[in-house]
Amino acid sequence: MRMIHRMFHLHSMKGQLQFWGSLTVVLLGILSITVYSFLEYNESKREGIETLRTVTTMQSEFIEYWFAERAEDIRAMASRNSSRMLDLKEMRANFEFALNNRNDFTVINFLDKKGNLVITTEKGIHELNFADREYYKQAMKGREYISDVIVGRLTGEPNIYFSAPVRDYKGNVQGLVLGVVKPDQIDKIINSTSHEEKGTTYLVNREGVLLTESDALKESIPRKIGGSVRLKMKVDTEIVRSALKNRPVLESYLDYRGKEVYGAYRWTNGGKWLIIGEMDKHTALTDMYERLVLMIFLTILVLLLFIYLAIRVAGKMERPIQSLRRGTQVIRDGNYRWAIRTDQLGDSPLELLELCETFNQMAATIDMNIKLLEESEQRFKSLFLYNSDAVFSLDLKGRFVRVNPTCIRMSGYSEEELLSMSFEPMIRPEDRERAKQAITYVNLGQSDRFESVLIHKDGHVIDTLIKIVPIIVSGKIVGAHGIAKNITEQTRALKDLQASKELVSNILESITDAFFALDLEWRFTYVNHEAERMLGKGSDGLIGKVIWDEFPLILNSPFQHAYEDAMKKQIVVEFESHFEPFCIWLNVRVFPSKDGLSVYLRDITSRKEAEESLRESEELFRLLTENANDIIARHGQNEICTYMSPAVRTILGYEPEEVVGTSTYTLIHPEDVSIVRESHERILRTDVVTHPTYRIRRKDGKYIWVETTTKGIRNNTTGEIEEIITVTRDINERKRAEQKLQEANTMLKHISFIDGLTEAANRRYFDEMLQKEWQRLSECGLPLSLILVDIDSFKAYNDTYGHLGGDSCLKLVAKVLQEGMASRPEDIVARYGGEEFAILLPNLSQIEAVQIAESLRHQVESLQVPHSQSKVGKYVTISAGVATITPSMFTTPEGLIQAADKALYQAKRTRNQVETYS
């Protein structure tokens, strides 16, 4: 360690800056390279694995699509009319045609229901039985089947078998169509979608048997050896074991060749096969290695540059720091006038130059403060020695440590006697506890002020006002300064004044008026109990407070003007005014004097309320009726209008005089008279407020909608209702808005039941109407028929002509179905699913429903919409399933849908057909 200190001069700041700055830069560079390497490694690994996942996913989708197409091919051959009727000659021709057009199949066979080979496209093979094969067993159960890669019985080569049962028109299994495909087709799919620069892919089954020719297989198996050898090679690597447990593979592992690789997998063929994509680890990280070498090279260059700059900066920082060091030594020796020559420091850093300037200013400030301190000390001595009040200093226990001459004269003790005693014995016994409390405050760093009685050495007492403040040195409390003022004369005068005030207070408290006094600065000097009650505040909260601060609401009010007039003009002012904050009327009398104002307040609210009550009651009704926007009217028991407000001009166009004296029901629409009459009768019976809505005739003859609030008025003597008051409001615009809202809701409900693409009814509307028709027909015992329609090979149509073409096809078919059912408005045509439509036929037999379905099928076919990928012709066609049920407690709507769906399934087996299910 010492050798390092000597080598890099770590005893100086320059050496430490150079060493630690360079070391910091080197460590940051190493840390940056380490973090960059870690991030690049993880990113390269993630990109490689994501690429493999993308490739395996794409290949899986291609394989699944290929399997679906081959299965569809076999299914189509099994469902042809020639197959269902066992026309062997036509079947053979169909097999040959399919073999020539689908080069994926190597052989297509037909086995009868006993497993015998009846038809085969492979030459030289006859009279074999395959009843022990799984595809035969599945076909006899009416199921389609796709095999794993198995070795053929005749050729000894690996094959994949596709089978579909052949049924007659009654649904009985008569045999099966069997298509044979070599695994080489899977190889072609994988090779056509693989990216060799991104790694290699191969296929294994759940037992790990290699199904495709991977690179290792090509290297290890000669071309002349049969393809069945591949089925003898098993792959037992980490990725296969992880795939069987559905675990992701996130790290590298050894493949079947012993190389370290990254891998990704994807299950396909219904989980039977596993597609594995692998990439050599070195290949995946090659780009990372290149970027890392470049990063290291650039980092070294940057490190060298920073080390060079650190050495230069350390050199520039050394000179001003040495100057500061010398300056502190000079100040330590007592020379405060020495200054650093900053003009000789060259291009040193600005911050250090500013630090040197600050040092010079601090030295000058210290020199000046020392002079001021000496002058302050002289002033303090003058203030202490010649103060007219007793000034003293105490330690933390309350003992005198310094006293001035006035303190000696006031106490009667000599300076020596005072400095040997505590100030507590000089205080009257009943005040000593308060003196102890003051010392406690000092110890807590707080000042204190209190009045006490000082006992002179000869025994007489002196009233004093004592103030004690803590002495704080370097943040620590070391004692206290105290000042004692002789207030004996002030205390005697105050006692006399207090006695006089008590006499006046007793007089003022005995009067019934509220009274308060204000000084010349508008401060409260006295408040009696009645004023406290009236103002809502106690005298403790008012005495000494400015009236405008405590009651700002009287600013710019009659109260302020009256007080100011009395003060300025020295005249008596008396007035009456309402005081809003307290909601009371006051009689105010203000008497000025040389010391301020005396104010008397008397509550006259009761008198004022009595005066205003009559006037208000007389004006209230007139004010309401003359200015109301609604029509206010009065009606007698004889149903004659006795008063009508001016608002009748605006709302109905009549003058009030034209309506007064007429019948209550004259202007009401004849159809609504009963509503208003019933409202009036109800008021007479139950004394409730009613709100009838009705139409009333304007002067121009038009009717408008109004709403009337109606209330009965009782006679105070008899208690009987003697007249009815009505308030009528124009609600014509509200009625229009309500009507528009109702129309909008109807339109919205209609839109919610329409399919946006085809404009046929949607599934929601179909389900709702099915339930309603089912309930209705079950009550009258009538049949309900359902037709389910499906567009043949619509997926292939979409794939060929795109989604826009598919949408156009759906619109055309929907239009044909809707126009075909236009003659029966009660029927419902709805889009049931993607390319499926449902037609609900209430009160229609199965025979009639089949006729309608056949008619719709012919109409769609006659459109001649091209469909190059159709399995049954050149044009778009539909298949339909028909079912009829009479709703009852023993049947359900779901049963009707299931029956129609089964009929549709039978029709789709041959396509362009109408089938029934009963």
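Structure report, in brief. Remember, predicted model here, so these are calculated numbers, not experimental data.

Broken down by element type, the protein carries 27 helices and 30 strands. Here the protein, with 918 residues, has 41% of them falling under the buried criterion. Pairs at least 24 apart in sequence give 51% of the contacts found in the protein among residues at least 6 apart. Counting every atom, the protein has about 52400 Å² of accessible surface; 54% of that belongs to carbon and sulfur.

A few words now on the packing of helix H24 (residues 763–780) against helix H27 (residues 893–910). Two elements in contact, H24 and H27, have axes separated by 10 Å at closest approach and are oriented at 115°. Every residue of H27 that contacts H24 at Phe766, Leu770, Gln771 and Trp774 is listed here: Pro893, Glu894, Leu896 and Ile897. Here the residues of the contact of H24 with H27 are counted per class, giving six nonpolar, one polar and one charged.

Counting buried residues along strand E1 (residues 105–112), six of its eight residues qualify, which places the element largely inside the surrounding structure. With seven bridges connecting them, E1 and strand E6 (residues 173–181) associate as antiparallel partners. Residue pairing for E6: Asp112 is matched across the bridge by Gly175. Strand direction decides the pairing type here: E1 and strand E2 (residues 117–120), joined by three bridges, are antiparallel. Looking at the pairing, Asn109 lines up with Thr120 of E2. Joining the antiparallel neighbours E1 and E2 is a turn of four residues, in which Gly115 adopts a positive phi near 90°.

Glancing now at the packing of aromatic side chains. Under the counting rule described, the total for this entry stands at 19 aromatic pairs. On the basis of an interplanar angle of 85° and a centroid distance of 5.5 Å, the ring pair of Phe591 and Tyr600 is categorised as edge-to-face. Looking at Phe591, the relative accessible area reads 31%, which means it is partly exposed. Seen from their ring centres, Phe766 and Tyr832 are 5.5 Å apart, and the 85° between their planes marks the pair as edge-to-face. Residue Phe766 is found in helix H24, and its partner Tyr832 is found in the loop between strand E27 (828–831) and strand E28 (836–842); the two are separated by 66 residues along the sequence. The residues Phe766 and Tyr832 share a single accessibility class, namely buried. Through successive ring pairs, a cluster of aromatic residues spans Trp66, Phe67, Phe105, Phe162 and Trp273. Lying over the aromatic face of Trp267, Arg206 brings its terminal NZ or CZ to 4.5 Å of the ring centre. Lying across the ring of Phe551, Lys537 places its NZ or CZ 5.0 Å from the centre.

Once that is clear, we can look at the packing of helix H25 (residues 794–820) against helix H26 (residues 846–862). It is at 10 Å that the axes of H25 and H26 come closest, and there the two elements cross at 140°. Taken together, the axes of H25 and H26 are oblique relative to one another. For the pair H25 and H26, the crossing hand works out as right-handed. Taking contact as the criterion, the partners of Val813, Val816, Leu817 and Gly820 in H25 are, on H26, Leu856, Gln859 and Val860.

Moving on, we get to the environment of Ile108. Within the element layout of this structure, Ile108 appears in strand E1. Take Ile108: its relative accessible area is 0%, and that puts it in the buried class. Spatially, the C-alpha atoms of Ile108 and Glu96 are 8.1 Å apart, while their sequence positions differ by 12 residues.

Judged by pairing direction, the sheet is antiparallel, and its five strands sit side by side in the order E17-E16-E20-E19-E18 without closing on themselves. Because the sheet does not close on itself, it has two edges, and the strands there are strand E17 (524–527) and strand E18 (573–579). Direction aside, neighbouring strands of the sheet carry axes that sit 25° apart on average. Relative to E17, strand E16 (residues 514–519) runs antiparallel, the two sharing three bridges. By the bridge assignment for E17, Ala517 is matched with Tyr526.

We now examine the sheet that holds E27. An order of E27-E28-E26-E29-E30 is seen for the five strands of this open sheet, with the pairing classed as mixed. Looking at which strands have only one partner, the edges of the open sheet turn out to be E27 and strand E30 (914–917). The mean angle between the axes of side-by-side strands here comes to 20°, regardless of whether they run parallel or antiparallel. Two strands pair when backbone bridges link them, and strand E29 (residues 878–885) and E30 are joined in this way by four bridges, in the parallel orientation.

What counts as what
- Residues numbered from 1 in each chain as written.
- Predicted model: local features only at pLDDT ≥ 70, side-chain atom pairs only at ≥ 80, totals over all residues.
- Heavy atoms only, no water.
- Helix = DSSP H or I, 4+ residues; strand = E, 2+ residues; numbered from the N terminus.
- Buried < 20%, exposed > 50% of the residue type's maximum accessible area, 1.4 Å probe, protein only.
- Contact = heavy atoms within 4.5 Å.
- Areas by Shrake-Rupley, 256 points an atom, 1.4 Å probe, with all protein chains shown as cover.
- Axes fitted to C-alpha atoms, helices over the stretch in contact; angles between N-to-C directions.
- Nonpolar A, V, L, I, M, F, W, Y, C, P; charged D, E, K, R; others polar.
- Pairing = 2+ DSSP bridges.
- Phe/Tyr/Trp six-rings, centres within 6.5 Å; stacked < 30°, edge-to-face > 60°.
- Lys NZ or Arg CZ within 6 Å of the ring centre and 35° of its normal.
- Parallel < 35°, antiparallel > 145°, perpendicular 65-115°, else oblique.
- Left-handed = near helix turned anticlockwise from the far one by under 90°.

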